[in-house]
Amino acid sequence: MKNIEQIKNESIYEFSSKTTQERYAKIAEEGFWESEEILISKYFKPKSKMLDVGCGSGRAAISLHQKGYKVIGVDITPKMIDTAKAIASSKNIDIDYVVGDAINLKFSENYFDGSIFANNGWVQIPGKENRQKALSEIYRVIKPGGYFILTAHLRYYSGIYLFFWIKNWVKFYILKPLGFKIKEIDFGDLFFKRNYPDKKLNQNQFIHLTSRKEVEEQIKNAGFKLKLLKSMGEISSEDAKLMRGSLSKNFNSFKSPIFYICEK
Ligand SMILES: C[S@@+](CC[C@H](N)C(=O)[O-])C[C@H]1O[C@@H](n2cnc3c(N)ncnc32)[C@H](O)[C@@H]1O
């Protein structure tokens, strides 16, 4: 548990930093990706009550609001919620933002018509059990027949990641059984730093690189039916290009994330 708490706190610290906050204030202006817009208008009826989990500065929440959905945004990083509230108030729009953890949502059963965990926020939750809890919580708070859109980065074994996977493998299958302490919780955990020119700003970030099978199993374990699985590039080639161009050096070999459409 110590590792999980430490990773969580490091991540909140990074998300709270001035540089990251400034970046997310800009991101909030970008609104929906084309791929999200396509999926949201397909799966969510206008005026539905939506939960934006890991809402950050409100990029998706603002677009949802502008499209006529009622939105509540939840994020574990208090600074993100402060920024989201400030942006909403500067635009004179009414979105409810609350600080909260996806693994323990403070809403009653069947409260929302639908939910989204956008931009790979779910894979930034450390610990497989916690990622499972988050899916179960989202399942609990949406109505039967409601949809949930999940995005997750997939594992790729090529390029600079080949070395990463060899290291990961040695840690999990040789060092850990021998009793060595490793920081990674699950096979596929990656720690990285963003390449800000000021090195002091490059704080630890965490992401779990998923296998498709693992995400499908967790979706099923939460009780959801998987309705659709598509990469961002399959939905919008424009988005896939933009994503590749915008990611930091560490991420350049990531291909477009996967969208999982889940039905309660
Ligand atoms: C990559 S950002 C995405 C932000 C926003 N959804 C967007 O698309 O711009 C991931 C967000 O998830 C939040 N987050 C991470 N773990 C969380 C958790 N357990 N519960 C709620 N939010 C979480 C982070 O604080 C961060 O704001």
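Here, every reference points to the structure presented above.
Residues numbered from 1 in each chain as written. Predicted model: local features only at pLDDT ≥ 70, side-chain atom pairs only at ≥ 80, totals over all residues.

A word on the environment of Gly-233. With respect to the secondary-structure elements, Gly-233 resides in helix 9 (residues 232–235). The partly exposed category is assigned to Gly-233, around which 18 C-beta atoms lie within 10 Å. In this structure, the C-alpha to C-alpha distance between Gly-233 and Gln-124, residues 109 residues apart in sequence, is 21 Å. With residues near it in sequence (within four places) discarded, Gly-233 still touches Ala-240 and Ser-256. (Helix = DSSP H or I, 4+ residues; strand = E, 2+ residues; numbered from the N terminus. Buried ≥ 20, exposed ≤ 12 C-beta atoms within 10 Å, placed from the backbone. Contact = placed C-beta atoms within 7 Å.)

This part covers unusual backbone geometry. Residue Lys-47 is not a glycine yet carries a positive backbone phi of 75°. Along the polypeptide, Lys-47 turns up in the loop between helix 3 (34–43) and strand 1 (49–53). With phi around 50°, Asn-119 is a residue other than glycine that occupies positive phi space.

To continue, consider the site of the ligand. Looking at the ligand, there are 22 residues lining it, with Gly-54, Gly-56, Ala-102, Asn-119 and Gly-121 nearest. For the shell around the ligand, the per-class residue count stands at 12 nonpolar, 7 polar and 3 charged. (Near = placed C-beta within 6 Å. Nonpolar A, V, L, I, M, F, W, Y, C, P; charged D, E, K, R; others polar.)

Moving on, we get to the nonpolar core. Core analysis: the biggest nonpolar cluster contains 61 residues, and Met-50, Ala-61, Ala-84, Phe-148, Leu-150 and Tyr-260 have the highest contact counts within it. Of the residues forming this core, the biggest block, 6 residues, is contributed by strand 5 (residues 142–152). (Core = buried A, V, L, I, M, F, W, Y, C linked by C-beta atoms within 7 Å.)

With respect to the secondary-structure elements, Glu-34 resides in helix 3. By the C-beta count within 10 Å, which is 15 here, Glu-34 ends up partly exposed. Residues Glu-34 and Val-141, 107 residues apart in the sequence, show an inter-C-alpha distance of 26 Å. In this view, Glu-34 contacts Ser-236, Glu-238 and Asp-239; residues no more than four positions away in its chain are not counted.

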